[in-house]
Amino acid sequence: MLDGNDNKMQARDKVIIHIDMDAFFAAVEQRDDPMLIGKPVVVGADPNNGKGRGVVATCSYEARKFGIHSAMPISTAYRLCPHAVFLQPDFRKYKQASDQVFDILKRYTPDIEPISIDEAFLDITGTFHLYGTPAQLALRMKEDIRREVRLTASVGIAPVKMVAKIASDVSKPDGLLEIEPDGVQKFLAPLPVERLWGVGKRSKDILNRLGIYAIGDILKFPKLKILELLGEQGLHLFDLASGIDPREVSVSDETKSVSHEHTFDMDEADPEKVAKVLFILSQKVSRRLRKEGLKGRTVSIKIRLKDFQTFTRAKTLDKRTNFVGTIDGHAQALFKGFYKSGMKVRLIGVRMSQFDDPYVADGLFVDPGEVKKENVHRAVDVLKDRFGEGAIHWGA
Ligand code: TTP
Ligand code: MG
């Protein structure tokens, strides 16, 4: 039963972290080549003496002083600072650093929402006390990243996502800023309105015309007037300006996978038979990935034994794939590594995960061999769609 005090209890404040690596691609390049430290470094398309097409991916803080920024035409960047060091991106290196960083984040909470290759939200409400305070947790996390990955990150801590994100942004680079629940309004008030989520160029112009430049101005304005001019979004703005943002840190990693499993009619003691089933499952996973336009980087297998004990083994690849040979090759190797004589397998499964690398577009590395292989896979898919799974078999 609830006692009479319960209705006086406050909803518990969440503690949310937003973490974002500083000048990520450029920082990795500076880390790996000490000659680049302290210099303007621009990572992006080839500037080709100012005639290059394409854009800047990012640049070091030294290059930002010249006005260079992400998504700017590389020719403009060249004009602004011809003596900068221009480098073409090496995505594999960035992905590796990113994986290391995410592995560190996982030490501090399982509630992680990856946003991009260098950015994530963490809900540390239930774990920060293990490290003292939220700020102490954040400092340790930053220190782990500095020591193990040799990069700097900026961290914002706040009771809601939007404020945590703004806090990490304004503390950059190598920053740490905590906004406590009762300090949120004071923190937001002087910031320009376009800092609020959802305030783009159009809303900003409308607000500016009303004399609203700072977030604090919104709260002083008649609500009805804003509603009239901006509709529903106007009301939402009042909430955001007051620091109300109900969005939760959404941990969606598990849904981002494609898997197939098989339960044996009788527990299987013959590893050769299990291997055959693994191959069939790998084919199904491979095909489903292509159907959904996906490529995964982590192959895992699930093994349930006679006594219902369940195990997983995983391998993360250098490159994303949906090719059956690659998936099956790793699945088989994982199973071989796991199997011990006398085991009886009840269930076996194959899963592919880790699909998105927002900036690691496959189009950047068009390899004719891969294209050919891809076409063969598609042709087999078409036959199987038409004539059934058994219509055609992959050779060894
Ligand atoms: P950001 O975190 O936006 O930028 P950043 O880490 O380089 O710098 P900051 O210190 O301001 O956070 O993006 C992370 C990486 O994503 C960036 O290093 C390069 C890549 N990227 C692009 O390739 N194109 C883009 O337009 C942006 C914004 C980023
Ligand atoms: Mg960043």
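Before reading further, recall that the structure is shown in the block above.
Rules behind the numbers
- Residues numbered from 1 in each chain as written.
- Chains lettered and ligands numbered in written order.
- Predicted model: local features only at pLDDT ≥ 70, side-chain atom pairs only at ≥ 80, totals over all residues.
- Heavy atoms only, no water.
- Helix = DSSP H or I, 4+ residues; strand = E, 2+ residues; numbered from the N terminus.
- Buried < 20%, exposed > 50% of the residue type's maximum accessible area, 1.4 Å probe, protein only.
- Contact = heavy atoms within 4.5 Å.
- Areas by Shrake-Rupley, 256 points an atom, 1.4 Å probe, with all protein chains shown as cover.
- Lys, Arg positive; Asp, Glu negative; His and termini not counted.
- Charge placed at Lys NZ, Arg CZ, Asp CG, Glu CD.
- Pairing = 2+ DSSP bridges.
- Phe/Tyr/Trp six-rings, centres within 6.5 Å; stacked < 30°, edge-to-face > 60°.
- Core = buried A, V, L, I, M, F, W, Y, C linked by side-chain atoms within 4.5 Å.
- Donors = N, O, S within 2.8 Å, 3.2 Å for Na, K, Ca; no water.
- Tetrahedral: all angles 85-135°; square planar, octahedral: opposite > 155°, others 65-115°.
- Axes fitted to C-alpha atoms, helices over the stretch in contact; angles between N-to-C directions.
- Patch = residues over 30% accessible without salt bridge, like charges linked within 9 Å, V, L, I, M, F, W, Y side chains within 5 Å.
- Salt bridge = Lys/Arg side-chain N within 4 Å of Asp/Glu carboxyl O.
- Near = heavy atom within 4 Å.
- Polar contact = N/O pair within 3.5 Å; in protein donor to acceptor, adjacent residues only side chain to side chain.
- Nonpolar A, V, L, I, M, F, W, Y, C, P; charged D, E, K, R; others polar.

Chemist: Explain the overall build of the protein chain here, please?
Modeler: Helices and strands together make up the secondary structure of the protein chain, namely 14 helices and twelve strands. Its C-alpha atoms give the protein chain principal-axis dimensions of about 75 × 75 × 45 Å. Within the protein chain, the fraction of its 396 residues that count as buried is 44%. Within the protein chain, contacts between residues at least 6 apart in sequence are counted, and of these 64% link residues at least 24 apart. For the protein chain, the accessible surface area stands at approximately 21300 Å², while carbon and sulfur atoms represent 54% of it. Put simply, the protein chain has 60 plus and 55 minus side-chain charges, and the middle of one group is 4 Å from the middle of the other.

Chemist: I'm lost on the pairing of strand E7 (residues 153-158) in this one. Help?
Modeler: Each regular strand carries side chains that alternate between the two faces of the sheet. Judged by how many residues are buried, E7 sits mostly within the fold: six of six residues are covered. In E7, alternate side chains face the same way, and those of Ala153, Val155 and Ile157 on one face and Ser154, Gly156 and Ala158 on the other are all buried. Of the pairings in the sheet, the one linking strand E1 (residues 16-21) to E7 comprises six bridges and is antiparallel in character. Directly across from Ile16, in E7, lies its bridge partner Ala158. Pairing analysis gives three bridges linking E7 to strand E8 (residues 176-178), with the strands arranged parallel.

Chemist: Help me understand the packing of aromatic side chains, please; the structure alone is not making it clear to me.
Modeler: For any two aromatic rings, the description comes down to two numbers: the centre-to-centre distance and the angle of the planes. Within this structure, the stated rule accounts for ten aromatic pairs. Their ring planes at 55 degrees and their centres at 5.9 Å tell us that Phe24 and Phe25 sit as a pair that is tilted. Neither Phe24 nor Phe25 differs from the other in exposure class; each is buried. Geometrically, the ring pair formed by Tyr108 and Tyr131 is tilted, given 4.9 Å between the ring centres and 45 degrees between the ring planes.

Chemist: What's the story with the nonpolar core in this structure? I'm lost.
Modeler: Nonpolar side chains tend toward joint burial in soluble globular proteins. Residues Ile17, Ile19, Phe24, Leu105, Leu122, Met141 and Ile145 are the most contacted members of the largest nonpolar core, which totals 38 residues. The set of elements that each furnish at least two residues to this core consists of E1, helix H1 (24-32), strand E2 (41-44), helix H4 (91-108), strand E6 (119-123), helix H5 (134-148) and E7. Ranked by residue count, the leading element in this core is H4, at eight residues. Those residues in contact with Met141 that sit more than four places away from it in its chain are Ile17, Ile19, Ile104, Leu105, Tyr108 and Leu122. The next biggest cluster of nonpolar side chains, apart from the first, holds 30 residues, and it includes Ile16, Phe121, Ala167 and Leu237.

Chemist: Where do I start with the coordination of the magnesium ion (ligand 2) in this structure?
Modeler: A four-donor tetrahedral metal ideally has 109.5 degree angles, and a six-donor octahedral metal ideally has angles of 90 or 180 degrees. Of the protein atoms, only Asp20 (OD), Met21 (O) and Asp118 (OD) coordinate the magnesium ion (ligand 2), at distances of 2.0 to 2.2 Å. Geometry at the magnesium ion (ligand 2) is octahedral, judged from its six donor atoms and the angles of 79 to 178 degrees they form at the metal. Summarised as a motif, the one-chain spacing of the donors to the magnesium ion (ligand 2) is D-M-x96-D. Placement of the pair is Asp20 in strand E1 and Asp118 in the loop between strand E5 (112-116) and E6, with a sequence separation of 98 residues. Like Asp118, Asp20 is buried.

Chemist: Looking at this structure, I do not really get the environment of His262. What am I missing?
Modeler: Examined against the element boundaries, His262 turns out to sit in strand E9 (residues 257-268). For His262, a relative accessible area of 32% gives the class partly exposed. In this structure, the C-alpha to C-alpha distance between His262 and Pro246, residues 16 residues apart in sequence, is 40 Å. Not counting chain neighbours up to four residues away, the residues in contact with His262 comprise Val277, Leu281, Arg346, Leu347 and Ile348.

Chemist: Mind showing me how you'd approach the sheet that holds strand E3 (residues 56-59) here?
Modeler: Within a sheet, adjacent strands bond to each other through the backbone by hydrogen bonds, running parallel or antiparallel. Read from one edge to the other, the open sheet built from three strands follows the order E3-E2-E4, with strand pairing classed as mixed. Looking at which strands have only one partner, the edges of the open sheet turn out to be E3 and strand E4 (85-87). Geometrically, the sheet is characterised by an average inter-axis angle of 25 degrees between neighbouring strands, direction not taken into account. Across three bridges, the pairing between E2 and E3 is antiparallel. Each bridged residue has a counterpart across the sheet, and for Val42 the counterpart in E3 is Cys59. Set on the sheet, H1 makes contact with E2, E3 and E4; between it and E2 the angle comes to about 120 degrees.

Chemist: Hey, could you run me through a nonpolar patch on the surface in this one?
Modeler: Among the surface-exposed residues, Leu224, Leu227 and Leu235 lie close enough to one another that they form a single nonpolar patch of about 260 Å² accessible area. With respect to the helices, strands and loops of the structure, Leu224 is situated in helix H10 (residues 223-230).

Chemist: Could you clarify how one ought to interpret the site of ligand 1 in this entry?
Modeler: Within the structure, ligand 1 sits among 14 residues, and Asp20, Ala23, Thr58, Tyr61 and Arg64 are positioned closest to it. Between ligand 1 and Ala23 there is a distance of 2.7 Å, counted from an oxygen atom to a backbone nitrogen or oxygen. For ligand 1, an oxygen atom lies 2.9 Å from a polar atom in the side chain of Asp118. Looking at the shell around ligand 1, the elements that each hand over two or more residues are E1, H1, E3 and helix H2 (61-64). Along the lines of polarity and charge, the residues of the shell around ligand 1 split into seven nonpolar, two polar and five charged.

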